[in-house]
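For reference, the chains in residue letters:
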Amino acid sequence: MPCQSDIELKKLVEEAKKFTQYGKVADYIPELGKANPNDLSIAINYPDGRCFSAGDIEKKISLQSISKVISLALVLMDRGKDYVFERVGMEPTGDPFNSIAKLETTAPAKPLNPMINAGALVVTHMIQGENVEERFKRLLKFIQDLSGDTTVAYSENVARSEFETAFLNRALCYFLKQHGIIKEDVEQLLDLYTKQCAIEMNCLDLARMGIVFAMDGVDPQSGKQIMPVDVARICKTFMVTCGMYNASGEFAIKIGIPAKSGVSGGIMGAVPGKFGIGIFGPALDEKGNSIAGIKLLEFLSKKYQLSMF
Ligand code: DON
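In this numbering scheme, every chain counts its residues from 1 along its sequence in written order. Under the rules for a predicted model, residues below a pLDDT of 70 receive no local features and side-chain atom pairs below 80 are neither given nor counted, while totals for whole chains, interfaces and linings still include all residues.

So, the sheet that holds strand S6 (residues 199-201)
For two strands to be treated as a pair, DSSP must find at least two bridges joining them. Numbering of helices and strands runs from the N terminus; a helix is a DSSP stretch of H or I covering at least four residues, while a strand is a stretch of E covering at least two. What the 3 strands build is an open sheet, ordered S4-S6-S5; its pairing is antiparallel. Each edge of the open sheet is held by one strand with a lone partner, namely strand S4 (61-62) and strand S5 (153-154). As paired strands, S5 and S6 are joined by 2 bridges and run antiparallel to one another. Its bridge partner being in S6, Ala-153 is matched across the sheet by Glu-200.

Now the structure itself:
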């Protein structure tokens, strides 16, 4: 079923777009700096296949931190809860996504949660497979299953751009290696992690992935259980407590939807039992979340009473 452009959504997008001027595109990954800060688009996907949209929903966005929820789901399935949570915690940090501070002040030095970079690097380290290529293929296949789109791939330019400049992530990895949490070669792990973050898709695919989380792990189109209910529940909980980093509390109060953002300006939302949301708005606020994307979700949540609380 094609995605229908929707007049009500268009109005909300126009209203929210006014806020793009207060944001800035991420440029610490040079390739992301090329995005147009005025872009804003949204797709909403319902369990019966209906889809409503506004803006250019065909534009490809790299997942960046949105991939962290997906890699978490995969390692929970690969290794089980006990193994995973021995190596990464369950608590929000209140610090920026790339902060190193808490690693040194908590003992053992395991990252506080899988949504901050330190935690996500440990999660990627846990993806099973013989080598980087096989581990990446497994993750990509899982993402293709979630989005129902077998053409989803990664951008070599975005991956390379991050790999060449990821000095802070390298520092996090070396710290974690010193403390025995990461065991593999750091360059190899960064190769896998930067490819993971560079996986690209459009808003529609993002909304399709969101709906699988919203429907407790079931793809409503095929009826297939793509991940166990428990894994979907854990992921949604992290989306609420840490999905928007140190803005997660305010986001939960104002919007109340499990969501995950990325520095590319993408947001994947999962309204439990109702629908999946994909948003693209590359101008970011100071915490690294799409500034107009958050406004758009705020308008939507108010208008249609979407808060789960
Ligand atoms: O590791 C990084 O810094 C990026 N690949 C992902 C960070 C990110 O998306 C944070 N999001 N808001």
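There's plenty left to go through after this.
Quick notes on the site of the ligand
Using a C-beta atom placed from the backbone for every residue, we mark a residue as near a molecule or strand if that atom lies within 6 Å of it. With respect to spatial proximity, 13 residues lie near the ligand, and among them Gln-64, Ser-65, Cys-197, Val-263 and Gly-288 are the closest. Polarity classes work like this: nonpolar for Ala, Val, Leu, Ile, Met, Phe, Trp, Tyr, Cys and Pro, charged for Asp, Glu, Lys and Arg, and polar for all others, with Gly in that last group. The class makeup of the residues in the shell around the ligand is 3 nonpolar, 9 polar and 1 charged. Residue ranges assigned to the domains are those given by an automatic or database domain assignment. A domain split of the shell around the ligand shows at least three residues from each of domain 1 (4-60 + 202-223 + 235-303) and domain 2 (65-197).

With respect to the confidence of the model for the protein
Every residue carries a pLDDT, the predictor's confidence in it, which falls somewhere between 0 and 100. Averaged over every residue, the pLDDT of the protein is 96; the share at 70 or more is 100%. Two numbers describe this predicted complex: its pTM, 0.97, and its ipTM, 0.97.

Observations concerning the sheet that holds strand S9 (residues 275-280)
Judged by pairing direction, the sheet is mixed, and its 6 strands sit side by side in the order S1-S3-S2-S9-S8-S7 without closing on themselves. Each edge of the open sheet carries a strand with a single partner, namely strand S1 (4-5) and strand S7 (259-261). By definition, residues are in contact whenever their C-beta atoms, placed on the basis of the backbone, come within 7 Å of each other. Lines are fitted to the C-alpha atoms to define the axes, a helix being fitted only along its stretch in contact, and any angle between axes, read from their N-to-C directions, falls within 0 to 180 degrees. This element, helix H13 (residues 291-304), spans strand S2 (41-45), S7, strand S8 (266-271) and S9 of the sheet and lies at about 20° to S8.

Regarding the pairing of S2
In terms of burial, S2 is a largely internal element, 5 of the 5 residues being buried. Alternating positions in S2 separate into two faces, Ser-41, Ala-43 and Asn-45 on one and Ile-42 and Ile-44 on the other, with burial throughout. Alignment of S2 against S9, held across 5 bridges, turns out to be antiparallel. Counted as the bridge partner of Ile-42 is Ile-279 from S9. One ladder, built from 4 bridges, connects S2 with strand S3 (residues 51-54); its direction is antiparallel. The partner of Ala-43 across the bridge, within S3, is Ser-53. The turn linking S2 back onto S3 is made up of 5 residues, and Gly-49 within it adopts a positive phi angle of 95°. Exposed residues have 12 or fewer other C-beta atoms within 10 Å of their own C-beta, buried residues have 20 or more, and residues in between are partly exposed; the C-beta atoms are placed from the backbone.

Observations regarding the pairing of S3
In terms of strand pairing, S1 meets S3 through 2 bridges, oriented parallel. Within S3, the position partnered with Gln-4 by the bridge is Phe-52.

Here's the deal with the nonpolar core
Joined through C-beta atoms within 7 Å, a set of buried Ala, Val, Leu, Ile, Met, Phe, Trp, Tyr and Cys residues constitutes a nonpolar core. Core analysis: the biggest nonpolar cluster contains 107 residues, and Ile-42, Leu-121, Cys-235 and Leu-296 have the highest contact counts within it. The leading source of residues in this core is helix H10 (residues 203-214), at 9 residues. A domain-level breakdown of this core finds at least three residues from each of domain 1 (4-60 + 202-223 + 235-303) and domain 2 (65-197). The residues touching Ile-42, leaving out its near neighbours within four places in the chain, are Leu-9, Val-13, Ser-53, Ala-54, Gly-55, Cys-203, Ile-277, Gly-278, Ile-279 and Leu-296.

A short note on the environment of Asp-48
Along the chain, the position of Asp-48 falls in the loop between S2 and S3. Asp-48 gets classed as exposed once you count the C-beta atoms within 10 Å, which come to 10. Linking Asp-48 and Pro-220, residues 172 residues apart in sequence, is a C-alpha distance of 7.0 Å.

Regarding the domain arrangement of the protein
When the domains of the protein are assigned, the result is domain 1 (4-60 + 202-223 + 235-303) and domain 2 (65-197). Of the residues lining the interface, 26 residues belong to domain 1; the matching set on domain 2 comes to 23 residues. Element by element, the count of residues in the side of domain 1 that touches domain 2 is highest for helix H11 (residues 229-242), at 5 residues. Split into classes, the residues belonging to the side of domain 1 that touches domain 2 amount to 12 nonpolar, 9 polar and 5 charged.

Observations regarding the packing of helix H2 (residues 67-79) against helix H5 (residues 117-125)
Where H2 meets H5, the axes come as close as 9 Å, and the angle between the chain directions of the two elements is 40°. In this view, H2 runs oblique relative to H5, as classed from their interaxial angle. Read as a crossing pair, H2 and H5 show a hand that is left-handed. The residues of H5 that touch H2, namely those facing Lys-68, Ser-71, Leu-72 and Val-75, are Ala-120, Val-123 and Thr-124. Among the residues making up the contact of H2 with H5, the classes are represented as 4 nonpolar, 2 polar and 1 charged. An angle below 35 degrees is read as roughly parallel, one above 145 as roughly antiparallel, one from 65 to 115 as roughly perpendicular, and any other as oblique. In this scheme, a crossing is called left-handed if the near helix is turned counterclockwise away from the far one by less than a right angle; it is called right-handed if the turn is clockwise.

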